[in-house]
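Now for the letters of each chain:
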Amino acid sequence: MLNLKRIFCIALSILFFSILNLGTVQGAETLNLGDQRELFIDDYLIASMEHACLRVHEPKRENVIAVLDQPWEGNGCGYQAILYDEEAKLFRLYYKSWKVGNPTLQIGMLTSADGIHWERPNVGLWEYEGSKENNIVLGKLEWPGGNSDSCHDFSPWRDTNPNASPDAKYKATGSGMSCKGVWAYKSPDGIHWTPMHDGPVFTSGHFDSQNISFWSETEQKYVLYYRVFVDGVRSIFRAVSDDYIHWTDEGQIQFPEGEGPQERTQFYVNQIRPYYRATQLYLGFPARYCDNGLTESTKLLPQWEERQARMGLAPRYGTAVTDTIFITSRDGMNFRQGNDVFLRPGLRTQDNWAYGDNYIAWNLIETDSPEMDSPRELSLFSIESFFTGDSIKLRRYSLRIDGFSSIHANHEPGIVVTKPLTFSGKELTINYRTSAAGLLFVEICDDAGEVIPGFEKENCDVLYGDSLDRIVSWKGNKDVSSLAGHSIVLKFYLQEADVYSLKFNQ
């Protein structure tokens, strides 16, 4: 039971919130949420905010999962991709196995049962310097006509298309080193890979980056995101296919003015994929490539001697730096950029300030938390020490589930009003957290802004704490099914609180 002091604080907060009077945006398009989860990852849901903001949350730095230092590996091991093998109950992480300057390039693979601890399996498929004792799953392939080529980037994934054949349960795109274009690969098990065609299946791009593809449950098509230069700026284009062989180019993905690739902050990789908990939402993690030239700050960055050595190959190898942001879309073509950096290089004396560092692997995964009393979390993986020394590190980062960004209010109470929306379901659940003194109330209005009786903020059972799936109630009533199918507006009253996502449960 709440004590009297706590009750007084709650009553005072309700009074303070009531002073803030926000109306709704009349005439706004009504969003149909159905029973899909929606994230506060952009302004898609938001009509207005007062004393509140969208806050980007950086992932937490965790353990190094691998040092890629074997003879067939080296300081150029980039472009990671992760999938889950349901039959083997293993995560598989693929990467370009390469040392800068070495003409030989392969694709290596790590495996993990829990997504936290990883190892090199001895797959025994491809020979390196006279031995097959290695974890190489794709080496130099012989093409028809006597040509041979290595795969510059390789991005495997598990195909959920119900029409996918058993020998193509796993698919991948990769770009040839000498024969440029996107090559299509298939595998029955994620280990044994063969080309699906005797040449590139798509050629209208630059492709000197990680080019990724997937089956879109929402669009019922295969989707490809690939690299093109537009007026000298590294940019992202998109193509679609019904069979993974014949592709239709749809052109450059779009951003509002001031967002997306810019001359000073170009995009390397795109890492776009439907978010597994809200598949209508495409979520990408482009690395931003920023080159300010040789300045006094350049000389004060970590590992100046190594940086100078790289500049002997090309000046930008020593002066450019990279970090990661996130981008979002609900139609695959029109994107929004997160309003802050997602993964910064950080306060480090080495390893994270080189050109090529802080690239996030394609596909985040859900793992147990090492903290015994904590719920499951998201694990992301990033590169360190690229182009420096003789190897690179792969590091795991953790993030709250749905925790990319949130609507947030500090000590001053805030209000966030959604656009008109419809839903199907019986209960409203939210992923949220507050401080010990924080408070959160939810009010439901009609699309004209009139409070619906029974769902006033005064009747909302106060929310505080930290939960991935808290059911909202009003004087103990959790049932919102009477409002299903009707156009409504949600009002969130926040104080020292974050809301990450919402969902109407059936």
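Parameters at a glance
- Residues numbered from 1 in each chain as written.
- Predicted model: local features only at pLDDT ≥ 70, side-chain atom pairs only at ≥ 80, totals over all residues.
- Heavy atoms only, no water.
- Helix = DSSP H or I, 4+ residues; strand = E, 2+ residues; numbered from the N terminus.
- Rg over C-alpha atoms; globule rule 2.2 N^0.38 Å.
- Buried < 20%, exposed > 50% of the residue type's maximum accessible area, 1.4 Å probe, protein only.
- Contact = heavy atoms within 4.5 Å.
- Areas by Shrake-Rupley, 256 points an atom, 1.4 Å probe, with all protein chains shown as cover.
- Lys, Arg positive; Asp, Glu negative; His and termini not counted.
- Charge placed at Lys NZ, Arg CZ, Asp CG, Glu CD.
- 1 Å grid on protein atoms, 1.4 Å probe; cavity = no way out; pocket = protein on both sides within 12 Å on 5 of 7 lines; lining within 4 Å.
- Points joined across faces, edges and corners; volume = space filled by probe spheres on them.
- Nonpolar A, V, L, I, M, F, W, Y, C, P; charged D, E, K, R; others polar.
- Pairing = 2+ DSSP bridges.
- Axes fitted to C-alpha atoms, helices over the stretch in contact; angles between N-to-C directions.
- Salt bridge = Lys/Arg side-chain N within 4 Å of Asp/Glu carboxyl O.
- Polar contact = N/O pair within 3.5 Å; in protein donor to acceptor, adjacent residues only side chain to side chain.
- Disulfide = S-S within 2.5 Å.
- Core = buried A, V, L, I, M, F, W, Y, C linked by side-chain atoms within 4.5 Å.

Considerations on the overall build of the protein
For the protein, the helix and strand inventory stands at four helices and 35 strands. Expected size for 506 residues packed as a compact globule is a radius of gyration near 23 Å; at 25 Å, the protein falls within 12% of this value. Counting the 506 residues in the protein, one finds 57% classified as buried. Look at the contacts in the protein between residues 6 or more apart in sequence, and 64% of them connect residues 24 or more apart. Accessible surface for the protein amounts to roughly 21,000 Å². Of this, 50% is attributable to carbon and sulfur atoms. Charge separation in the protein, taken as the distance between the mean sites of 48 positive and 67 negative side-chain charges, equals 3 Å.

Brief notes about empty space enclosed by the protein
Considering all chains together, one arrives at two cavities of 30 Å³ or more under this definition. In this structure, the largest cavity encloses a volume near 50 Å³. Around the largest cavity, the lining residues are Ser-209, Gln-210, Asn-211, Tyr-226, Arg-227, Ser-235, Ile-236, Phe-267, Val-269 and Asn-270. Elements with a contribution of two residues or more to the lining of the largest cavity: strand S17 (221-230) and strand S18 (233-241). The residue makeup of the lining of the largest cavity, split by class, is four nonpolar, five polar and one charged.

Here's the deal with the sheet that holds S18
The strand order across the open sheet built from four strands is S16-S17-S18-S19, with neighbouring strands paired in antiparallel fashion. Strands at the two margins of the open sheet, each flanked by one partner only, are strand S16 (212-216) and strand S19 (247-252). Adjacent strand axes in the sheet meet at a mean angle of 30° when their direction is disregarded. Pairing between S17 and S18: nine bridges, direction antiparallel. Bridging across to S18, Arg-227 finds its partner in Ile-236.

What to know about the side chain of Thr-429
Considering the arrangement of structural elements, one finds Thr-429 in strand S33 (residues 427-446). Residues contacting Thr-429, with those up to four places away along its chain left out, are Asp-469, Arg-470, Ile-471, Ser-501, Leu-502, Lys-503 and Asn-505.

Points about the pattern of salt bridges
A full pass over the atoms with the stated rule returns 31 salt bridges. Here Glu-38 makes a salt bridge to Arg-330, at a shortest N to O gap of 2.9 Å. Residue Glu-38 is found in strand S2 (residues 38-39), and its partner Arg-330 is found in the loop between strand S25 (327-329) and strand S26 (335-337); the two are separated by 292 residues along the sequence. Members of the salt-bridge network, linked through shared partners, are Arg-61, Arg-348, Glu-384 and Arg-395.

Looking at the layout of surface pockets
If you add up the space inside the largest pocket, you get close to 880 Å³. Taken together, 32 residues form the lining of the largest pocket, with Tyr-84, Arg-273, Tyr-276, Asn-363 and Leu-364 sitting closest to its centre. Split by residue class, the lining of the largest pocket holds 18 nonpolar, six polar and eight charged. Of the voids in this model, the second largest pocket is the one considered here, and its volume is about 450 Å³. Lining the second largest pocket are 19 residues, with Glu-377, Leu-399, Arg-400, Ile-401 and Asp-466 positioned closest to its centre. Those elements that place two or more of their residues in the lining of the second largest pocket are strand S29 (392-399) and strand S34 (466-471). Examining the composition of the lining of the second largest pocket, we find that three residues originate from one element, S34, more than from any other. Taken together, the residues that form the lining of the second largest pocket break down as six nonpolar, six polar and seven charged.

Some thoughts on the sheet that holds strand S23 (residues 287-291)
Sheet strands pair by backbone hydrogen bonding; their relative direction is either parallel or antiparallel. If you walk across this open sheet you meet the three strands as S20-S23-S24, and the pairing is antiparallel. The open sheet has two free edges, formed respectively by strand S20 (266-268) and strand S24 (320-324), since each of these has just one partner strand. Neighbour-to-neighbour, the strand axes of the sheet open up by a mean angle of 35°, direction not taken into account. Bridge count for S23 against S24 is five bridges, and the pairing is antiparallel. Bridged to Cys-290 within S24 is Val-321.

Some points on the environment of Asn-363
Residue placement: Asn-363 occurs in the loop between S26 and strand S27 (365-367). On the basis of relative accessibility, which here comes to 19%, the residue Asn-363 falls in the buried class. Considering only alpha carbons, one finds Asn-363 and Tyr-275, 88 residues apart in sequence, at a separation of 9.0 Å. At 2.9 Å, the side chain of Asn-363 forms a polar contact with the backbone oxygen of Ile-82.

A closer look at the environment of Ser-405
With respect to the secondary-structure elements, Ser-405 resides in strand S30 (residues 405-409). Sequence separation of Ser-405 and Leu-421 is 16 residues, and the distance between their C-alpha atoms is 21 Å. Sequence-distant contacts of Ser-405, defined by excluding residues within four places in its chain, comprise Phe-40, Ile-41, Arg-55, Val-56, His-57, Phe-326 and Tyr-500. Only 2.6 Å separates the side chain of Ser-405 from the backbone oxygen of Phe-40, close enough to count as a polar contact.

With respect to the state of the cysteines
Evaluated as defined, the whole model comprises zero disulfides. In this structure Cys-460 is not part of a disulfide, and its nearest cysteine sulfur, from Cys-445, lies 12 Å away.

Side note on the nonpolar core
Ile-430, Phe-492, Leu-502 and Phe-504 are the most contacted members of the largest nonpolar core, which has 42 residues in total. Where this core is concerned, the elements lending two or more residues are strand S1 (31-34), S30, strand S31 (414-418), strand S32 (421-423), S33 and strand S35 (488-505). Here this core gets ten residues from one element, more than from any other, and that element is S35. Once residues within four sequence positions are removed from consideration, Ile-430 is found in contact with Leu-440, Leu-463, Ser-467, Leu-468, Asp-469, Arg-470, Val-472, Phe-492, Val-499, Ser-501 and Leu-502. One finds Val-201, Tyr-222, Ala-239 and Ile-245 within the second-largest nonpolar core, a separate group that totals 33 residues.

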